[in-house]
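Residue-level structure breakdown
One letter stands for each residue in the lines below.
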Amino acid sequence: MSFAESDDPVAISALQHYRYCPRQYALIHLEQEFLDNLHTQRGQLAHQRVDDPGEQWERGARMLRAMPLYSHRYGLVGKADLVELHPDGRLFPVEYKHGKHRGKRHDYIQLAAQALCLAEMTGRPVTAGAIYHTSTHRRQEVAIDGTLIADVVATLAAIREVLTSGALPPPVRDHRCDECSLKPLCQPGALNAAASWQASTLHAALFEPEEVSDGPCVSF
Ligand code: SF4
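Attention here is on the structure that accompanies the text. (Residues numbered from 1 in each chain as written. Predicted model: local features only at pLDDT ≥ 70, side-chain atom pairs only at ≥ 80, totals over all residues. Heavy atoms only, no water.)

1. As for the pattern of salt bridges
Applying the stated criterion across every chain yields a total of 11 salt bridges. One salt bridge in this structure joins K183 and D178, with 3.7 Å as the shortest N-O distance. Taking relative accessible area as the criterion, K183 reaches 36% and is therefore assigned partly exposed. Each of the salt bridges in this network shares a partner with another, and the network as a whole consists of R19, R105 and D151. (Salt bridge = Lys/Arg side-chain N within 4 Å of Asp/Glu carboxyl O. Buried < 20%, exposed > 50% of the residue type's maximum accessible area, 1.4 Å probe, protein only.)

2. Thoughts on the site of the ligand
Around the ligand, the neighbouring residues are C21, Q24, P171, V172, C177, C180, K183, C186 and P188. In this structure, the ligand is accommodated by the largest cavity. (Near = heavy atom within 4 Å. 1 Å grid on protein atoms, 1.4 Å probe; cavity = no way out; pocket = protein on both sides within 12 Å on 5 of 7 lines; lining within 4 Å. Sits in = over half its atoms within 2 Å of the grid points.)

3. Details of the environment of H106
With respect to the secondary-structure elements, H106 resides in helix α4 (residues 105–122). Among the residues examined, H106 registers a relative accessible area of 10% and is labelled buried. The sequence separation of H106 and R19 amounts to 87 residues, and the corresponding C-alpha distance is 5.3 Å. Setting aside residues no more than four positions away along its own chain, H106 makes contact with Q16, R19 and Y20. (Helix = DSSP H or I, 4+ residues; strand = E, 2+ residues; numbered from the N terminus. Contact = heavy atoms within 4.5 Å.)

So, in structure tokens, the structure goes:
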């Protein structure tokens, strides 16, 4: 899969946002809207250790923090929180997340996109990575397999469709909205109320008897 030179690259973070909620992706990446809440602030705290570019040696491996990434093949750009370079040549991206083990597909897709970039930039296969959970200090290894890569490709295609149409996807209106910092801007409930008001008004109008005029029927 490759993209035209004229295509703007998609931010790796956009894949995670899109998979969480397509409307959230569009509000952040198309309309440049962003609001903080407790969850986003916790996320920022989780990244503090890896936000500054730099490197160090730990347990015999070279650790690169905040490493810039790109892929011409997939049309991606972004950064990895941490990349481990092991003496046997293995490259291992690590994504920092606040909270406990979540096992969320959107986190895995973000990690797989980083792996694809690393593989293209270095010419070496990247077959695994990890999500590091800052509150438990535990990491969960994730295999970068064919299914996950296919999911990255499908998510990229869906994002490019939104980019082409420019239309704001409808709200998901489920448990995801409870944790979403964009809820005050998105107002999924208000849209819901507006939609049901519109439906009931339309329904009432459909069954409203037409006004009967006593005057002559005039035709032209
Ligand atoms: S409030 Fe809900 S529908 Fe709106 S962007 Fe957030 S998750 Fe999506």
